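Residues per chain are reported as follows:
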Amino acid sequence: MAPKLRDPSLLKKDVCYINGQWVAAKSGKTFEVHDPSTGQLIATAPEFDIEDTERAIEAAEKAFQSFRHQTGRARSKLLRRWYDLVMENADDLAALITWENGKPLADAKGEVVYAANFLEWFSEEAPRIYGDTIPSSVPGNRVWTIKEPVGVCGLITPWNFPAAMITRKIGPALAVGCTVVCKAPGETPFTSLALAELAHRAGIPKGVVNILTALNNTPEVGEVLTTHRTIRKVSFTGSTNVGKLLMRQCSSTLKKLSLELGGNAPFIVFDDADIDAAVAGAIASKFRSSGQTCVCANRIFVQAGVYDEFARRFAAKVRDEFRVGNGFEQGVTHGPLIHDRAVAKVEAHVRDAEQKGATVVVGGHRIPELGKHFFQPTVITGVTPEMAMFSEETFGPVAGLFKFETEEEVIKMANATDVGLAGYFFSRDVQRVYRVAEHLEVGMVGVNTGLISDPAAPFGGVKESGFGREGSLYGVSEYQITKMVTFGGMGQPLQGSS
Ligand code: SIN
């Protein structure tokens, strides 16, 4: 079913936003975008190629020469106007998200607010870009630093948050004076393009924000963004494998780089936890966006003393309170997965766990009567480290429960992975809270909560989950260079001064 937009001009078909204008791919090629719930065609989007992308980079370079010299206050006002327009058009943006991503409308509305909040947050940072004055170790010298925009940025964003991952990257880039060329995800291009239209209406100067789309040409567009000499910074959110490839490509011109890659989040429930809170936290963390976020709980470890009780209450909630369906339908709590590959992986993890001795207590199967991308929210008990769910990110609505005995044992299991994005645990013991938070090898820890995402808080990982931080004060410095100035020959202090 096609949603009725209040402002139909927000749906941009067959055009991308380059240099302040809506343009088609030079080749005229397009690709189809389908609703993951119904499989129906939404519309077509331009298949940009190398030449189109280079055109966007040139526009961003030209715009950078003047945009970098705007005052922080002026850039702040632009971001604020963009924020206001996103909020004014929240219903239409949410409808586009549900249509192309599948998440329930209530979640999509939540994402629009999350996305807008990045623009608001960074609009508030823009006027406060301070350098330092540093006491020199050389007599007569003065040292100071200037924070400068790094230059034109290449941004590559994922389909799981079609609005928020774009604003999380563009917000700080613009706040400090960078210009951007952003490759929107092939699965969900229309939310990104609607955001571009609102950036245009907010008065963001031409060439400052460029948003392009590609599906089959994604590898070559990615290669241009990561090898072009004009691009000085790349920020990517996506899989670890693609992150490694982009990093190799960026090495040819030594670009500044932020990578927000896959996770395998441990979620630990200790015997001393508030079980109600732990169940609610696990539901929120595991099943957010049907398990399709990088920070979703992937391995739920429950201490032996509360394992059975936790498993019973957790399974009951999933069985009784979830309703899977089309995200536009009233009362639907969980939508489809994004595509066939996602469903196949989820199914493979469930079958693998079953074959190796785990028990599926809720769900475990596709729901063909709803559509080919729907999978039952699933709870599996008796999961062990030999199963695929332990070492691979499921990225779907399957919760595997592991049993553990001691704190030492669970920390070891939690850290036995090459990635480290988010980790969660529930405990009421203050000493344990500090100890476990310090020992988890992750970039972000949730204590007694399953939700940690917040524009004010630094988001990012360690190990093969990548590097760099998004959101917060730290998100700003990812788009800056620190230039040092030494001013010599200042002479001796004034005679008679103290
Ligand atoms: C992600 O899945 O990449 C982002 C999740 C979030 O911002 O909460």
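Residue indices begin from 1 for each chain and proceed along its sequence in written order. Given that the model is predicted, a residue must reach a pLDDT of at least 70 before its local features are reported, and side-chain atom pairs must reach 80 or more before they are shown or counted; all residues, however, enter totals for whole chains, interfaces and linings. Based on all heavy atoms of the structure, the side-chain values leave hydrogens and waters out of the count.

K.L.:
Could you give me a rundown of the sheet that holds strand β22 (residues 480-487), with the residues and numbers involved?
P.N.:
Pairing between two strands is assigned when DSSP locates at least 2 bridges connecting them. Numbering of helices and strands starts at the N terminus; helices are DSSP runs of H or I of at least 4 residues and strands are runs of E of at least 2. Reading across the sheet, the three strands line up as β5-β6-β22 and stay open at both edges, with antiparallel pairing between neighbours. Two strands bound the open sheet, and with one partner strand each, they are β5 (133-134) and β22.

K.L.:
I'd like a rundown of the environment of Ala90, residues and numbers included.
P.N.:
Position of Ala90 among the secondary structure elements: in helix α3 (residues 90-101). Only protein chains enter the calculation, and the probe is 1.4 Å; a residue is then buried if its accessible area is under 20% of its type maximum, exposed if over 50%, and partly exposed in between. Residue Ala90 is classed as buried on the basis of its relative accessible area of 17%. Separated by 22 residues in the primary sequence, Ala90 and Val112 have C-alpha atoms spaced 6.1 Å apart.

K.L.:
Could you give me a rundown of the nonpolar core, with the residues and numbers involved?
P.N.:
Among the nonpolar cores identified, the biggest contains 65 residues, and Trp82, Val86, Ile170, Leu174 and Phe190 are the most heavily contacted of them. Any two residues whose heavy atoms approach within 4.5 Å are treated as being in contact. Apart from the residues lying within four places of it in its own chain, the contact partners of Leu174 are Phe67, Arg75, Leu79, Trp82, Val180, Ile204, Val208 and Val209. Nonpolar cores were defined as sets of buried Ala, Val, Leu, Ile, Met, Phe, Trp, Tyr and Cys residues, with membership established by side-chain atoms within 4.5 Å. Membership of the second largest hydrophobic core comes to 34 residues, among which are Ala278, Phe287, Cys294 and Ala422.

K.L.:
Give me the packing of aromatic side chains: which residues, what numbers.
P.N.:
Side-chain rings of Phe, Tyr and Trp, where Trp is taken by its six-membered ring, are said to pair if the distance between their centres is within 6.5 Å; with planes under 30 degrees apart they count as stacked, over 60 as edge-to-face, and otherwise as tilted. Enumeration over the complete set of coordinates arrives at 15 aromatic pairs. Their ring planes at 75° and their centres at 6.4 Å tell us that Tyr114 and Phe161 sit as a pair that is edge-to-face. Of this pair, Tyr114 sits in helix α4 (residues 105-125) while Phe161 sits in the loop between β7 (152-156) and α5 (164-176); the two residues are 47 residues apart in sequence, bridging distant segments of the chain. For Phe161, a relative accessible area of 7% translates into the label buried. A centroid spacing of 6.0 Å and a plane angle of 90° characterise the contact between Trp159 and Phe395, whose relative ring orientation is edge-to-face. In this pair, Trp159 sits in the loop between β7 and α5 while Phe395 sits in the loop between α12 (388-391) and β16 (398-404), placing the two residues 236 residues apart along the sequence.

K.L.:
Go over the pairing of strand β15 (residues 378-381), please, and point to the residues and values.
P.N.:
Judged by which residues are buried, β15 turns out to be covered on both faces: Thr378 and Ile380 on one side and Val379 and Thr381 on the other are all buried. Here strand β14 (residues 359-362) pairs with β15 via three bridges, running antiparallel. The residue of β15 that forms the bridge with Val362 is Val379.

K.L.:
Before we move on, can you summarise unusual backbone geometry with the specific residues and values?
P.N.:
In this structure, Ser289 is a non-glycine residue whose phi angle is positive, near 50°. By the element assignment, Ser289 lies in the loop between α9 (275-287) and β13 (297-303). A relative accessible area of 9% places Ser289 in the buried class. Located in the positive-phi region is Asn448, a residue other than glycine, with phi close to 60°. With respect to the helices and strands, the residue Asn448 is situated in the loop between β19 (444-447) and β20 (462-463). Look at Asn448 and you get partly exposed, because its relative accessible area is 40%.

K.L.:
How would you summarise the pairing of strand β11 (residues 256-260) if you had to cite specific residues and measurements?
P.N.:
By the criterion of burial, β11 is predominantly enclosed, with four of the five residues buried. Relative to β11, strand β10 (residues 231-237) runs parallel, the two sharing five bridges. Counterpart to Lys233 in the pairing with β11 is Lys256. Read as a crossover between parallel neighbours, the route from β10 over helix α8 (residues 240-250) to β11 is right-handed. If you view a crossover with the strands going away from you and the path from the first strand over the helix to the second runs clockwise, you call it right-handed.

K.L.:
Provide a residue-level description of the state of the cysteines, including the pertinent values.
P.N.:
Here, a disulfide means two cysteine sulfur atoms that sit within 2.5 Å of each other. One pass over the full model with this rule turns up zero disulfides. Free of any disulfide, Cys250 has its nearest cysteine sulfur in Cys153, 11 Å distant. With relative accessibility at 1%, the residue Cys250 sits in the buried group. With no disulfide of its own, Cys296 lies closest to Cys294 among cysteine sulfurs, the gap being 8.5 Å. Taking relative accessible area as the criterion, Cys296 reaches 6% and is therefore assigned buried.

K.L.:
Could you give an account of the packing of helix α2 (residues 72-88) against helix α6 (residues 189-201), naming the residues involved and the relevant values?
P.N.:
Lines are fitted to the C-alpha atoms to define the axes, a helix being fitted only along its stretch in contact, and any angle between axes, read from their N-to-C directions, falls within 0 to 180 degrees. Following both chains from N to C, one finds α2 and α6 inclined at 130°, their axes separated by 9 Å at the closest point. Between α2 and α6, the angle is such that the two are oblique. In this structure, the crossing between α2 and α6 has a hand that is right-handed. Touching Trp82, Leu85 and Val86 of α2 are Leu195, Leu198, Ala199 and Arg201, all from α6. Throughout this entry, Asp, Glu, Lys and Arg are counted as charged residues, while Ala, Val, Leu, Ile, Met, Phe, Trp, Tyr, Cys and Pro are counted as nonpolar. The remaining residues, Gly among them, count as polar. Residue composition of the contact of α2 with α6, by class: six nonpolar, no polar and one charged. Oblique is the label for every angle not falling under 35 degrees (roughly parallel), over 145 degrees (roughly antiparallel), or within 65 to 115 degrees (roughly perpendicular). Here a crossing is called left-handed whenever its near helix is offset anticlockwise from the far helix by less than a right angle, and right-handed whenever the offset is clockwise.

K.L.:
Quick one: what's the story with the pattern of salt bridges, residue by residue and with numbers?
P.N.:
Pairs can form between side chains of opposite charge once their charged atoms are near each other. Salt bridges are counted wherever a side-chain nitrogen of Lys or Arg sits within 4 Å of a carboxyl oxygen of Asp or Glu. Enumeration according to the criterion identifies 28 salt bridges in this entry. We note a salt bridge from Arg80 to Asp84, for which the minimum N-O separation is 3.5 Å. Of this pair, Arg80 and Asp84 both sit in helix α2, separated by four residues, roughly a single helical turn. Here the salt bridges share partners, and the residues they tie into one network are Asp7, Lys12, Glu197 and Arg201.

K.L.:
So what's going on with the site of the ligand? Residues and values would help.
P.N.:
The local shell around the ligand holds 13 residues, among which Tyr114, Arg168, Arg288, Cys294 and Ser453 are the closest. Pairs of N or O atoms within 3.5 Å make up the polar contacts considered here, provided that, within protein, one atom can donate a hydrogen while the other can accept it, and that residues adjacent in sequence are counted only when both atoms are side-chain atoms. Asn160 is positioned with one of its side-chain polar atoms (N or O) 3.1 Å from an oxygen atom of the ligand. Look at the ligand: alone it shows 260 Å² of surface, and the protein chains cover 100% of it. For the shell around the ligand, the residue count by class is six nonpolar, four polar and three charged. One heavy atom within 4 Å of a molecule or strand makes the whole residue count as near it. The method behind every accessible area is Shrake-Rupley, applied with a 1.4 Å probe, and residues are considered shielded solely by the protein chains displayed.

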